[in-house]
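# Breakdown of the fold
Each chain, written out:
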Amino acid sequence: MQTSNKVLIVDGMAVLFRAFYATSYSGYIRKTSTGIPTNAVYGFIQYFYDAINTFNPTHVVCCWDMGSKTFRTEQYPAYKGNRGEAPDELIPQFDLVKDVVAEMGIPNIGIVGYEADDCIGTLATKLSVAHPDAEVLILTGDHDMLQLVSENVKVVIMKKGKLNYAVYDVELLMEEKQLTPLQVIDIKGFMGDTSDNYPGVKGIGEKSALKLLLEYGSVEGVLDNLDKLPKGVRSKIEANLDMLHLSRDLATIRLDVPIACELTECVWEVQVETATRKFEELEFGGLVKLLVQA
């Protein structure tokens, strides 16, 4: 069914980091003649337009992290504590990319204390409830976002290589991962997340966690049936009960962040003049053609 409105919510950080590493692995970093690094912003624009041309949205909004301190680091100080500092050449591009996005006429959304994921989850939920006839697409590389899949929210995972996407709806999620959207959260409660640095239940990995969820449906279902579990599994869960609940909470994308973006505010209509000026200022002459074809 063709819907009249198709909203693309871009996970700005995921796309920017992907662009940085895809263009810097050789050691060469694109810079302006004054020495400002721009490789990540340049790559971001290319990825962005690949998605625009693939999915033809009517509305676009871009979400960002606003610093590393969030309610999750307050809950669990070690959260993401295993991540090093961003590369020096990437740091100035965080603000620069937001400027470029704004000059193109796209709203930048982010709020201190929350992650971009929470802003994306909130917007996707609000827009899909307010406009049930609209299709909402989330562009990301982050599989945690799969918990946001619903009847009219799809998660577009950027895979390796250009124009290579996996578009997850409820059916594909079940087919590929054997999970419902809510179980995406529960599996993280059991197995934790090494990239976000929270442990889950020590000794329970992805296979064991999936087996538990296939059998008992949810964290609550497992806890209600502890007496039926093998002794080893039961003792691991009992010994890590607090961390199970905390890990599940850390994995849960919030849907009630105090932000708003109405459809009227994010209509996709590139501001060719201001964007062209910005592209030329950054010496992106080769990308100006993307603006006029959009």
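Residues numbered from 1 in each chain as written. Predicted model: local features only at pLDDT ≥ 70, side-chain atom pairs only at ≥ 80, totals over all residues. Heavy atoms only, no water.

## Thoughts on the overall build of the protein chain
Check the secondary structure of the protein chain and you find 13 helices and six strands. The globule rule puts the C-alpha radius of gyration for 294 residues at 19 Å, and the 21 Å found for the protein chain is close to it. Once the C-alpha set of the protein chain is aligned to its principal axes, its extents read approximately 65 × 45 × 35 Å. Within the span of the protein chain, comprising 294 residues, buried residues form 52% of the whole. Surface accessibility of the protein chain: about 14200 Å² in total, with carbon and sulfur atoms responsible for 52%. Averaging the positions of the 28 positive and the 41 negative side-chain charges in the protein chain gives two centres separated by 7 Å. (Helix = DSSP H or I, 4+ residues; strand = E, 2+ residues; numbered from the N terminus. Rg over C-alpha atoms; globule rule 2.2 N^0.38 Å. Buried < 20%, exposed > 50% of the residue type's maximum accessible area, 1.4 Å probe, protein only. Areas by Shrake-Rupley, 256 points an atom, 1.4 Å probe, with all protein chains shown as cover. Lys, Arg positive; Asp, Glu negative; His and termini not counted. Charge placed at Lys NZ, Arg CZ, Asp CG, Glu CD.)

## Considerations on the sheet that holds strand S5 (residues 153–158)
Strand pairs in the sheet, formed through backbone hydrogen bonds, run parallel or antiparallel to each other. Pairing in this open sheet of six strands is mixed, and the strands run S3-S2-S1-S4-S5-S6 from one edge to the other. Each of the sheet's edge strands pairs with one partner strand only, and the pair in question is strand S3 (108–109) and strand S6 (165–168). Here strand S4 (residues 135–140) pairs with S5 via five bridges, running parallel. Its bridge partner lying in S5, Leu 139 is registered against Val 156. Those strands touched by helix H5 (residues 116–130) are strand S1 (6–11), strand S2 (59–63), S3, S4 and S5, and its axis lies near 170° from that of S1. (Pairing = 2+ DSSP bridges. Contact = heavy atoms within 4.5 Å. Axes fitted to C-alpha atoms, helices over the stretch in contact; angles between N-to-C directions.)

## Some thoughts on the pairing of S5
With five of six residues buried, S5 is to be regarded as a mostly interior element. Bridge count for S5 against S6 is four bridges, and the pairing is antiparallel. Residue pairing across strands places Ile 157 opposite Ala 166, the latter belonging to S6.

## Comments concerning the packing of aromatic side chains
Under the defined criterion, the tally for this structure stands at 13 aromatic pairs. Ring geometry for Tyr 42 versus Phe 284: centroids 5.0 Å apart, planes at 80°, classification edge-to-face. Note that Tyr 42 is positioned in helix H2 (residues 39–55) and Phe 284 in the loop between helix H12 (272–281) and helix H13 (288–293), a separation of 242 residues in sequence. Between the NZ or CZ atom of Arg 30 and the centre of the ring of Tyr 42, over which it lies, the distance is 3.9 Å. (Phe/Tyr/Trp six-rings, centres within 6.5 Å; stacked < 30°, edge-to-face > 60°. Lys NZ or Arg CZ within 6 Å of the ring centre and 35° of its normal.)

## With respect to unusual backbone geometry
The phi torsion at Asn 197 lies on the positive side, around 70°, for a residue other than glycine. Positionally, Asn 197 belongs in the loop between helix H7 (181–191) and helix H8 (206–216). Phi is positive for Glu 283, close to 65°, though the residue is something other than glycine. Examined against the element boundaries, Glu 283 turns out to sit in the loop between H12 and H13. What makes Glu 283 partly exposed here is its relative accessible area of 35%.

## Digging into the pairing of S4
Of all six residues in S4, six are buried; the element is thus mostly enclosed. Of the two faces of S4, the one holding Glu 135, Leu 137 and Leu 139 and the one holding Val 136, Ile 138 and Thr 140 are both buried throughout. One ladder, built from five bridges, connects S1 with S4; its direction is parallel. By the bridge assignment, Ile 9 is partnered in S4 with Ile 138.

## Thoughts on the packing of helix H4 (residues 91–103) against H12
For the pair H4 and H12, the least separation of the axes is 8 Å and the interaxial angle reads 150°. Judged on the interaxial angle alone, H12 and H4 are roughly antiparallel. Counted together, Asp 99, Val 100 and Glu 103 of H4 and Thr 274, Ala 275, Lys 278 and Phe 279 of H12 form the full contact between these two elements. (Parallel < 35°, antiparallel > 145°, perpendicular 65-115°, else oblique.)

## Remarks on the pattern of salt bridges
Counted according to the given criterion, the structure contains 13 salt bridges. Measuring nitrogen to oxygen at the nearest pair gives 2.8 Å for the salt bridge that ties Lys 80 to Glu 115. Here the residue Lys 80 occupies a position in the loop between helix H3 (71–75) and H4, and Glu 115 occupies one in the loop between S3 and H5, the gap between them amounting to 35 residues. We classify Lys 80 as partly exposed; its relative accessible area is 23%. Classification of Glu 115 as buried rests on a relative accessible area of 5%. Across the pair Arg 83 and Asp 196 runs a salt bridge, and its minimum N-O distance is 2.7 Å. With Arg 83 in the loop between H3 and H4 and Asp 196 in the loop between H7 and H8, this pair connects stretches of sequence that are 113 residues apart. (Salt bridge = Lys/Arg side-chain N within 4 Å of Asp/Glu carboxyl O.)

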